[in-house]
Amino acid sequence: MQNINPMVSTIVQQTMVNENDIAAWRRDLIRTHIFSAQEARDLSEREISLIHHALLTQRLSQLGSDELLEEAKKQKLQYNLHLESDQFQMGAVSY
């Protein structure tokens, strides 16, 4: 299993809190043809929340760094990168 980028996890958690709308998530599942209307109605709020979380994680995991930063701004998140002095060279090369 692939590790989830910590930035993706942070954005997903913040989005889940800011946009806590089970009815809207249920409508999205129907609109995107993931579930039929009846199937979506049969899902519990917990199931809807878990599905939305997974789909959001999947979508954000496919974004590049610049796009993730834009998503973080939309959620009003401030994301800082702290590198130890001995890791600075390695971090600088990574960028």
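Residues numbered from 1 in each chain as written. Predicted model: local features only at pLDDT ≥ 70, side-chain atom pairs only at ≥ 80, totals over all residues. Heavy atoms only, no water.

*Asks:* Provide a residue-level description of the overall build of the chain, including the pertinent values.
*Replies:* Along its length, the chain carries 6 helices and 0 strands. Start at the N end of the chain and walk to the C end: the helices and strands fall as α-α-α-α-α-α. The 95 residues of the chain split such that 25% are buried. Partitioning the contacts of the chain with sequence separation of at least 6, the portion at a separation of at least 24 is 58%. When the accessible surface of the chain is totalled, it reaches about 7,400 Å², and 51% of it is carbon and sulfur. (Helix = DSSP H or I, 4+ residues; strand = E, 2+ residues; numbered from the N terminus. Buried < 20%, exposed > 50% of the residue type's maximum accessible area, 1.4 Å probe, protein only. Contact = heavy atoms within 4.5 Å. Areas by Shrake-Rupley, 256 points an atom, 1.4 Å probe, with all protein chains shown as cover.)

*Asks:* Just give me the short version of helix α5 (residues 65–74), but keep the residues and values in it.
*Replies:* Residues of α5 that are buried include every one of L68, E71 and A72, and no others. Buried residues of α5, viewed axially, fall in a sector of 100°; they line one side. Of the residues in α5, the exposed ones pointing more than 90 degrees away from the buried face are D66, K73 and K74. Of the surrounding elements, those touching the buried residues of α5 are α1 (6–18) and α4 (45–61). Once α5 finishes, K76 follows within two positions and takes phi at roughly 60°, a positive value. (Arc of directions from axis to C-beta.)

*Asks:* Could you give an account of the nonpolar core, naming the residues involved and the relevant values?
*Replies:* Grouped together as the largest cluster of nonpolar side chains are 15 residues, with contacts concentrated most on I11, V12, I48, L60 and L68. Of all the secondary-structure elements, those providing two or more residues to this core are α1, α2 (22–31), α4 and α5. It is α1 that provides the largest number of residues to this core, a total of 5 residues. The contacts of V12, once residues within four sequence positions are left out, are H53, L56, T57 and L60. (Core = buried A, V, L, I, M, F, W, Y, C linked by side-chain atoms within 4.5 Å.)

*Asks:* A description of the packing of α1 against α5 should follow, citing residues and the corresponding values.
*Replies:* Contact pair α1 / α5: the axes reach a minimum separation of 10 Å and the direction vectors enclose 25°. Accordingly, the angle class assigned to the pair α1 and α5 is roughly parallel. Handedness of the crossing formed by α1 with α5: left-handed. Seen from α1, the contacting residues are M7, V8 and I11; seen from α5, they are L68, L69, E71 and A72. Partitioned by chemical class, the residues of the contact of α1 with α5 number 6 nonpolar, no polar and 1 charged. (Axes fitted to C-alpha atoms, helices over the stretch in contact; angles between N-to-C directions. Parallel < 35°, antiparallel > 145°, perpendicular 65-115°, else oblique. Left-handed = near helix turned anticlockwise from the far one by under 90°. Nonpolar A, V, L, I, M, F, W, Y, C, P; charged D, E, K, R; others polar.)

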